[in-house]
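Structural features, examined
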Amino acid sequence: MSTPPNATGGLPAPGAEEMTYVYAVGRDSPALHGLASRLPGVDGRPLRPVGGGGLCALVSSVPADTFSEQGLSAQMEDLERLEAVARAHHAVVDAAFAETSVLPMRLATVYLGDARVADMLVRQRSEFQELLGRLEGHVELGVKVYADPGAATTPAPAASPSAKAGSGRAYLRQRQAQQRTSQDAYRVASDLAARAVRLAESVAASRVVHRPQQGQLASRPGVNVANEAYLVPREHTDQLSRELSALADGTPGVAVEVTGPWAPYSFATAVVADGGGAR
């Protein structure tokens, strides 16, 4: 498994024992400095602020061997470890977002040291400031639409002994009915997903289409046919969430799941050009 694209640190310098993990970037403010003094990061390491260009990054130190390219690859393959890192990362971002507008950095964004972080803040100051201005006063809502044909299917009654002679024809009729039910569920779910888009875009400032979730990533039964995120003004969040959640009411075989409000992960797309690598 190759190093994930959100790991931006490159190789640690020879003899380096620690690297700098970046959680979020915001405008330099007492709120972020105060948060850094009372909140732990990955592996319980203390947070600290790193400033540059009028901006502030919340960071902590992490072991260089486990957050180098090779170390990160191993961590990404260990689901328990990945979950622990993700929980710590999101806890910092959510706490910071509750205090002030911040840009969540991607999971496992690491630099060779605080000086590299400060340099990145200075070089990308205009991009960060522009993005912070666009996201200010907004939150992210996630919207997933599911088709679940099984929930719309009434189990067929058990065949009586006298019906055995026609059991082959009965089985074919049952299978055809199930296929029609499945097709209907996917069609209705697709129509409902289109309605969700129209409803959300009436108030949302932006939209991101994610890949539908499958297997263990899916949060409920059925097939995830739509997985989208919307950047929504705070004042419209509750009303939009209620309206989206109600779209599937009384419609068997489909479901709408609304998550959030979250920090705007899907819209904080500031990508560091050299990622603090070994330049």
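Residues numbered from 1 in each chain as written. Predicted model: local features only at pLDDT ≥ 70, side-chain atom pairs only at ≥ 80, totals over all residues. Heavy atoms only, no water.

So, the pattern of salt bridges
This model, assessed by the stated rule, comprises 10 salt bridges. The partner of Arg 87 in a salt bridge is Glu 83, with the nearest N and O atoms 2.9 Å apart. Of this pair, Arg 87 and Glu 83 both sit in helix α4 (residues 79-99), four residues apart, which is roughly one turn of the helix. Arg 87 sits in the exposed class, given a relative accessible area of 59%. Across the pair Arg 123 and Asp 119 runs a salt bridge, and its minimum N-O distance is 2.8 Å. Of this pair, Arg 123 and Asp 119 both sit in helix α5 (residues 114-123), four residues apart, which is roughly one turn of the helix. (Salt bridge = Lys/Arg side-chain N within 4 Å of Asp/Glu carboxyl O. Helix = DSSP H or I, 4+ residues; strand = E, 2+ residues; numbered from the N terminus. Buried < 20%, exposed > 50% of the residue type's maximum accessible area, 1.4 Å probe, protein only.)

Some points on unusual backbone geometry
Cis peptide bonds are those with omega within 30 degrees of zero, and the linkage from Gly 260 to Pro 261 qualifies with 10°. Checked against the element boundaries, Pro 261 lands in strand β8 (residues 254-262). The phi dihedral of Asp 43 falls on the positive side, at around 60°, and the residue is not glycine.

Remarks on empty space enclosed by the protein
For the structure shown, the criterion picks out one cavity of 30 Å³ or more. A volume near 40 Å³ is recorded for the largest cavity. Along the walls of the largest cavity sit Val 143, Val 145, Ala 193, Ala 196, Val 197, Ala 226, Glu 228 and Tyr 230, which together make up its complete lining. Residue assignment for the lining of the largest cavity shows that the elements contributing at least two residues are β5 (138-147), α7 (167-201) and β7 (223-233). Partitioned by chemical class, the residues of the lining of the largest cavity number seven nonpolar, no polar and one charged. (1 Å grid on protein atoms, 1.4 Å probe; cavity = no way out; pocket = protein on both sides within 12 Å on 5 of 7 lines; lining within 4 Å. Points joined across faces, edges and corners; volume = space filled by probe spheres on them. Nonpolar A, V, L, I, M, F, W, Y, C, P; charged D, E, K, R; others polar.)

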